[in-house]
Protein chains: 2
Amino acid sequence: MLRALVFDVFGTLFDWRGSLIRLFERFGRERGVEADWPALAESWREAYGPSMERVRRGEVPWMNLDALHRTSFDELAPRYGLEALDEDDRKRCVRFWHELEAWPDVRPGMARLRERFVVGPLSNGNVALLIDLARRARVEFDVILSAEIFRHYKPDAETYRGAIELLGVAPGELMLVAAHNGDLHNAAECGLQTAFVARAEWGSGQTSDLAADAGIDVVASDLLDLAAKLELEG
Amino acid sequence: MLRALVFDVFGTLFDWRGSLIRLFERFGRERGVEADWPALAESWREAYGPSMERVRRGEVPWMNLDALHRTSFDELAPRYGLEALDEDDRKRCVRFWHELEAWPDVRPGMARLRERFVVGPLSNGNVALLIDLARRARVEFDVILSAEIFRHYKPDAETYRGAIELLGVAPGELMLVAAHNGDLHNAAECGLQTAFVARAEWGSGQTSDLAADAGIDVVASDLLDLAAKLELEG
């Protein structure tokens, strides 16, 4: 019996690309700087995997996602003509990741899912970042599960197994909800149930994760649709 | 500037003694067993410190609070004439700790505090237990901080420092709210602000923690009073 749902955050619950572009555009107007903001947003997001990989391989000590975002921003800034940004500006840009907007179905869908299930993020975002996202978007969780707690980034099995242990459930009583097939496959290998929600997180140019792979347990168009499907099953 | 509040749970937010007595009385009627339930509730609670101490000294491997509660229940059962309880009954009794009632001011007081501050438990209770308590009492937290995450029980400094790190705050931006002077002193040594809320958690026979020690930053009669006092300061 399903008892708890954990959610991928960037892309699945929050529109990082659209939000970052809007935040950068406002920042650029205020500071009088121009850059290819959509390309910067995408490059920044693309730096995320390799930066975590350095932590995973032990090449750098543990760093939370805020710290990884800062490192990759500093690496990208010269390429986008932003090398003149001072310390305060750079800190402000890193904070944009705490100010993302949720997809419109997330707040009502999460509330409905929470009536029957324990709900929380299971994200590579650090705890303070996830708290800020939830409070700003008024999305109510029962718990915050983060790579920062496990000192391992997804897709390391320690994250999925850590969620199982802290929630005190059997693997099959827990479902990962994500817009990314890879995340769901890794969760399934740890025994979790899986739900795919398609999101156009990369905009019109998106080429991957357009549909669920075979073997995903539930495919939903958004969280309200997921709630309806789980209620039918239950 | 104060940004976040963390709360002791057993005694400070939840009436473990009154709740356990009521749950045991109902259990006793259903199962046709009698025992000195108030004395059992108090003995069980008193076993908590020594049982954590065994973990702290490394005499036993890490065990979460559910596991410690089970061990101490099994030790106490013969003394209360409960040695005949079977496995299911014992599991049910351990689950009583997930079903405690909050003091009446906790739900409205927490909602009011949460308007201005990040709020969460900082408890020796395990994560699943804290989630269950919050959901049943409809107390809304932003995050669950538990000894289970830090693999250290309060009053180890790793718990207070762990809360600081995960919340991404400076020590002085975080306040511990507790009905126990000892907990508050230990938090203050890690740089946290402190608030004392008096609770008659041991009933009319309570002899300790009747009032705040000198040096506590804020003394409040309950969480609504605490909210009013912090709003005046802010």
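Residues numbered from 1 in each chain as written. Chains lettered and ligands numbered in written order. Predicted model: local features only at pLDDT ≥ 70, side-chain atom pairs only at ≥ 80, totals over all residues.

Visitor: Which residues make up the domain arrangement of chain A, and what are the values?
Guide: Residue and element names in this part refer to chain A. Domain boundaries in chain A define domain 1 (4–15 + 100–233) and domain 2 (16–98). The straight-line distance from the C-alpha centre of domain 1 to that of domain 2 is 24 Å. On the side of domain 2, 13 residues touch domain 1, which itself brings 19 residues to the contact. The element contributing the most residues to the side of domain 1 that touches domain 2 is helix α7 (residues 127–137), with three residues. Along the lines of polarity and charge, the residues of the side of domain 1 that touches domain 2 split into seven nonpolar, five polar and seven charged. (Domains from an automatic or database assignment. Contact = placed C-beta atoms within 7 Å. Helix = DSSP H or I, 4+ residues; strand = E, 2+ residues; numbered from the N terminus. Nonpolar A, V, L, I, M, F, W, Y, C, P; charged D, E, K, R; others polar.)

Visitor: So, the environment of F24 of chain B: which residues are in play, and what are the values?
Guide: Residue and element names in this part refer to chain B. Residue position: F24 is located in helix α1 (residues 16–31). For F24, a count of 22 C-beta atoms within 10 Å puts it in the buried group. Separated by 97 residues in the primary sequence, F24 and P121 place their C-alpha atoms 26 Å from one another. Dropping the residues within four chain positions of it, F24 is found in contact with W37, L40 and A41. (Buried ≥ 20, exposed ≤ 12 C-beta atoms within 10 Å, placed from the backbone.)

Visitor: Hey, could you go over the relation of the copies chain B and chain A for me, with residue numbers and the actual values?
Guide: Expressed as a screw transformation, the operator carrying chain B onto chain A has a rotation angle of 180° and an axial translation of 0.0 Å, and the superposed copies differ by an RMSD of 0.0 Å. Such a combination of rotation and displacement between the chain copies is what one expects of a two-fold axis. The rotation axis passes nearest to the C-alpha of V143 of chain B in chain B, at a distance of 2.8 Å. Of the interface residues in chain B, 100% have counterparts in chain A that sit at the interface too, so the contact is made through matching surfaces. (Least-squares fit on C-alpha atoms with pLDDT ≥ 70 in both.)

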